[in-house]
Amino acid sequence: QKEVEQDPGPLSVPEGAIVSLNCTYSNSAFQYFMWYRQYSRKGPELLMYTYSSGNKEDGRFTAQVDKSSKYISLFIRDSQPSDSATYLCAMSAVTGANNLFFGTGTRLTVIP
Amino acid sequence: DVKVTQSSRYLVKRTGEKVFLECVQDMDHENMFWYRQDPGLGLRLIYFSYDVKMKEKGDIPEGYSVSREKKERFSLILESASTNQTSMYLCASSLPSHSNQPQHFGDGTRLSIL
C-alpha cells in the first residue's frame, strides 16, 4: 500500500464550479499537510500548508484535514480557467526533512 | 519570496555522457533536495543535503551523485547517462526540520537522454 493515495483524474469542471480534490494516507504520524499546484512544464508551487487537523482558508482555496479518517481535501470555489493545473498533495511527520510523501497528482481542467 | 533556480529548463544528452544539473536557492536554506518526476510515479527523492558538504541518499540514488560545495548550490550528477534517466528533475529547498516550514521547488529541468 502506498503511503499517500491520490486519484489522478483527469477532472474537468465548468468555470465557476466548486472543485474538491482529495488524498488519503496510511501513516498516522503525518501531521504536516501541503497542497502544491503544478502548471504544465513548471515546478510545483506551494498553495496551502496546514498542521494537524482542521480547516485553513486562503481566498478561494480551503484545505481540510481529517486525521481520524486519514483524509485531506482541497476545495476550490468559483473555479477559473487559470486553476487548470495538476494538484499534488504532500505530507510528512516532520517538515523540511527528507520524509515528505507525495501523491501522484490530480490533473484539473476548468472549462470556460 | 523563496527563489529556487535550476540552470536549464530543457537538456538533451547522449547515452554515456556525464551530465550536471545545477540548482541555486537565494533564501539561505539549510536543506536542499533533488527529485525526479515521472508520469504515474509522482515525485521520488534522489538525494538530499542538510548542510554544506553533507549528503544523504534518498529512495532512488542509483546512477546519481550530488555535490554541495556552497550552501546555496546543490548539483546533481548523472555519472553515465542512460535512457531510463530521461525525466523531469526538480530541485527543492527548505529551512531545517525544526522550523516547521515546507519545501519550495524550482521550475524543473526536463532531461532527455538519447
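Residues numbered from 1 in each chain as written. Chains lettered and ligands numbered in written order. Predicted model: local features only at pLDDT ≥ 70, side-chain atom pairs only at ≥ 80, totals over all residues. Heavy atoms only, no water.

A word on the layout of surface pockets. In this structure, the largest pocket occupies an estimated 640 Å³ of space. Lining the largest pocket we find 24 residues, and of these Gln38, Thr86 and Arg107 of chain A together with Gln37 and Pro39 of chain B sit closest to its centre. Breaking the lining of the largest pocket down by element, the ones donating at least two residues are strand E9 (85-92) and strand E11 (106-111) of chain A together with strand E4 (31-38) and strand E9 (87-94) of chain B. Here the lining of the largest pocket takes 4 residues from E11 of chain A, the largest share from any one element. Grouping the amino acids of the lining of the largest pocket by side-chain chemistry returns 7 nonpolar, 12 polar and 5 charged. (1 Å grid on protein atoms, 1.4 Å probe; cavity = no way out; pocket = protein on both sides within 12 Å on 5 of 7 lines; lining within 4 Å. Points joined across faces, edges and corners; volume = space filled by probe spheres on them. Helix = DSSP H or I, 4+ residues; strand = E, 2+ residues; numbered from the N terminus. Nonpolar A, V, L, I, M, F, W, Y, C, P; charged D, E, K, R; others polar.)

With that out of the way, let us pick up the pattern of salt bridges. Residue and element names in this part refer to chain B. Applying the stated rule across the entire model yields 10 salt bridges over all chains. Note that Asp28 and Lys71 form a salt bridge whose closest N and O atoms lie 3.1 Å from each other. Taken together, the residues Asp28 in the loop between strand E3 (19-25) and E4 and Lys71 in the loop between strand E7 (64-70) and strand E8 (73-78) connect sequence positions 43 residues apart. Lys71 sits in the partly exposed class, given a relative accessible area of 25%. A salt bridge links Asp38 to Arg44, with the nearest nitrogen and oxygen atoms 2.8 Å apart. Owing to a relative accessible area of 12%, Asp38 belongs among the buried residues under this scheme. Given the relative accessible area of 26%, Arg44 is considered partly exposed. Where salt bridges share partners, they join Asp28, Glu30 and Lys71 into one cluster. (Salt bridge = Lys/Arg side-chain N within 4 Å of Asp/Glu carboxyl O. Buried < 20%, exposed > 50% of the residue type's maximum accessible area, 1.4 Å probe, protein only.)

This part covers the packing of aromatic side chains. Residue and element names in this part refer to chain A. Enumeration over the complete set of coordinates arrives at 13 aromatic pairs over all chains. When the ring of Tyr25 is compared with that of Phe33, the centres are 5.4 Å apart and the planes differ by 45°; the resulting orientation is tilted. A residue is classified by how much of its surface remains accessible, and Tyr25, at 6% relative accessible area, is buried. For Phe33, a relative accessible area of 1% puts it in the buried group. Here Tyr32 and Tyr49 contribute two aromatic rings whose centre-to-centre distance is 6.4 Å and whose plane-to-plane angle is 15°, an arrangement assigned as stacked. Of this pair, Tyr32 sits in strand E4 (residues 32-38) while Tyr49 is found in strand E5 (residues 45-51), placing the two residues 17 residues apart along the sequence. (Phe/Tyr/Trp six-rings, centres within 6.5 Å; stacked < 30°, edge-to-face > 60°.)

The next thing to look at is the interface of chain B and chain A. It is common to give the size of an interface as the accessible area lost on bringing the parts into contact. The interface is formed by 27 residues belonging to chain B together with 20 residues belonging to chain A. Buried surface at the junction of chain B and chain A, both sides included, amounts to about 1800 Å², of which 55% is carbon and sulfur. Of all residues in chain B, the largest losses of buried area upon contact with chain A belong to Asn100, Pro102 and Phe105 of chain B, amounting jointly to 24% of the total for that side. The interface formed by chain B and chain A contains 1 salt bridge. The partner of Lys42 of chain A in a salt bridge is Asp107 of chain B, with the nearest N and O atoms 3.2 Å apart. Our count for the contact surface shared by chain B and chain A stands at 5 residue pairs in polar contact (both at pLDDT 80 or more). Elements with a minimum of two residues in the side of chain B that touches chain A: E4, strand E5 (42-49), E9 and strand E10 (104-105) of chain B. Grouping the constituent residues of the side of chain B that touches chain A by class yields 12 nonpolar, 12 polar and 3 charged. (Contact = heavy atoms within 4.5 Å. Buried area = accessible area lost by both parts, 1.4 Å probe. Polar contact = N/O pair within 3.5 Å; in protein donor to acceptor, adjacent residues only side chain to side chain.)

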